[in-house]
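Residues per chain, in single letters:
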Amino acid sequence: MMGVALSNQAVCIACGSANRVPADKPAAAAKCGRCAAPLGLDRPAEVNDAQLALLLEKSTGLILVDVWAPWCGPCRAMAPQFATAAGALAGKARLVKLNADQSQMVQSLGVSGIPALILFRDGRIVDRKAGLIKADALTAWVGGHLTNSGKPAI
Ligand code: ZN
């Protein structure tokens, strides 16, 4: 698969249905075609293992997962940075948060410390970073992957 997608397929976290999100419509206003819930593409969504598995299975495009925990200071410090990046990347990448304390999936994702950031394209891991990262660095990192769609996944 080569080239630039004209629309991304975004899964509704409320009902699990896949929605086509046209590139020329504002991502922040996108709603689910089935249940009318806002898709929330401009802000981080909290997901559990089942929701993340569904997102990775049904979504196309970039999904950035922030693995965090409530007791982790750097994770809490990164939360506003992650939220800012979600706004900047609205319609380009989906940013979600996975609570490591409530996840069995973190082991299979190869997470050894938190905060951990795992970037997926079309459900496959393409890159990862560890530790606290500022919003602009995060946005630039993910943005770099938008233009690298011909590169093979790691
Ligand atoms: Zn829905």
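Keep in mind that what you see is a predicted model, and the values were worked out from it rather than measured.

> Can you help me understand the coordination of the zinc ion in this one?
Reference values for coordination geometry: four tetrahedral donors around a metal ideally subtend 109.5 degrees, six octahedral donors ideally subtend 90 or 180 degrees. Within the protein, the zinc ion binds to Cys12 (SG), Cys15 (SG), Cys32 (SG) and Cys35 (SG); these donor distances fall in the range 2.3 Å. Because the angles between the 4 donor atoms bound to the zinc ion fall within 105 to 115°, the donor set is best described as tetrahedral. Positions of the donor residues of the zinc ion, expressed as sequence spacing, correspond to C-x2-C-x16-C-x2-C. What makes cysteine 12 buried here is its relative accessible area of 2%. Note on cysteine 15: relative accessible area 28%, which makes it partly exposed.

> What is the right way to look at helix H2 (residues 73-88) in this model?
The periodicity of an α-helix, 3.6 residues per turn, causes residues three or four places apart in sequence to face the same way. Between its first and last C-alpha, H2 extends 24 Å over 16 residues, near the 22 Å set by a 1.5 Å rise per residue. Most pronounced at alanine 79, the bend in H2 amounts to some 35°, and the proline proline 80 follows within four residues. Those residues of H2 hidden inside the fold are in contact with strand E4 (62-68), strand E5 (93-99), strand E6 (116-121) and helix H4 (135-146).

> Is there a simple way to think about empty space enclosed by the protein in this case?
Across all of its chains, the model carries 1 cavity of 30 Å³ or more by this definition. Of the pockets and cavities examined, the largest cavity occupies roughly 140 Å³. Forming the boundary of the largest cavity are 15 residues, of which Asn8, Ala10, Leu41, Ala93 and Arg94 lie nearest the centre. Secondary-structure elements contributing two or more residues to the lining of the largest cavity are strand E1 (7-11), E4 and E5. For the lining of the largest cavity, the class distribution of residues is 7 nonpolar, 6 polar and 2 charged.

> Quick question: what am I supposed to make of the pattern of salt bridges here?
Where side chains of opposite charge bring their charged atoms close, a pairing between them can arise. Enumeration according to the criterion identifies 2 salt bridges in this entry. Between aspartate 42 and arginine 43 there is a salt bridge; the shortest N-O distance is 3.3 Å. Overall, arginine 43 belongs to the partly exposed group, its relative accessible area being 45%. Taking the shortest distance from any N to any O, the salt bridge between lysine 97 and aspartate 66 comes out at 3.4 Å. Of the two residues, lysine 97 sits in strand E5 while aspartate 66 sits in strand E4, which places them 31 residues apart along the sequence. Residues lysine 97 and aspartate 66 agree in their burial class; the two are buried.

Rules used in this analysis
Residues numbered from 1 in each chain as written. Predicted model: local features only at pLDDT ≥ 70, side-chain atom pairs only at ≥ 80, totals over all residues. Heavy atoms only, no water. Donors = N, O, S within 2.8 Å, 3.2 Å for Na, K, Ca; no water. Tetrahedral: all angles 85-135°; square planar, octahedral: opposite > 155°, others 65-115°. Buried < 20%, exposed > 50% of the residue type's maximum accessible area, 1.4 Å probe, protein only. Helix = DSSP H or I, 4+ residues; strand = E, 2+ residues; numbered from the N terminus. Expected span 1.5 Å × (residues − 1). Bend = angle between axes of the 7 residues up to and from the residue. Contact = heavy atoms within 4.5 Å. 1 Å grid on protein atoms, 1.4 Å probe; cavity = no way out; pocket = protein on both sides within 12 Å on 5 of 7 lines; lining within 4 Å. Points joined across faces, edges and corners; volume = space filled by probe spheres on them. Nonpolar A, V, L, I, M, F, W, Y, C, P; charged D, E, K, R; others polar. Salt bridge = Lys/Arg side-chain N within 4 Å of Asp/Glu carboxyl O.

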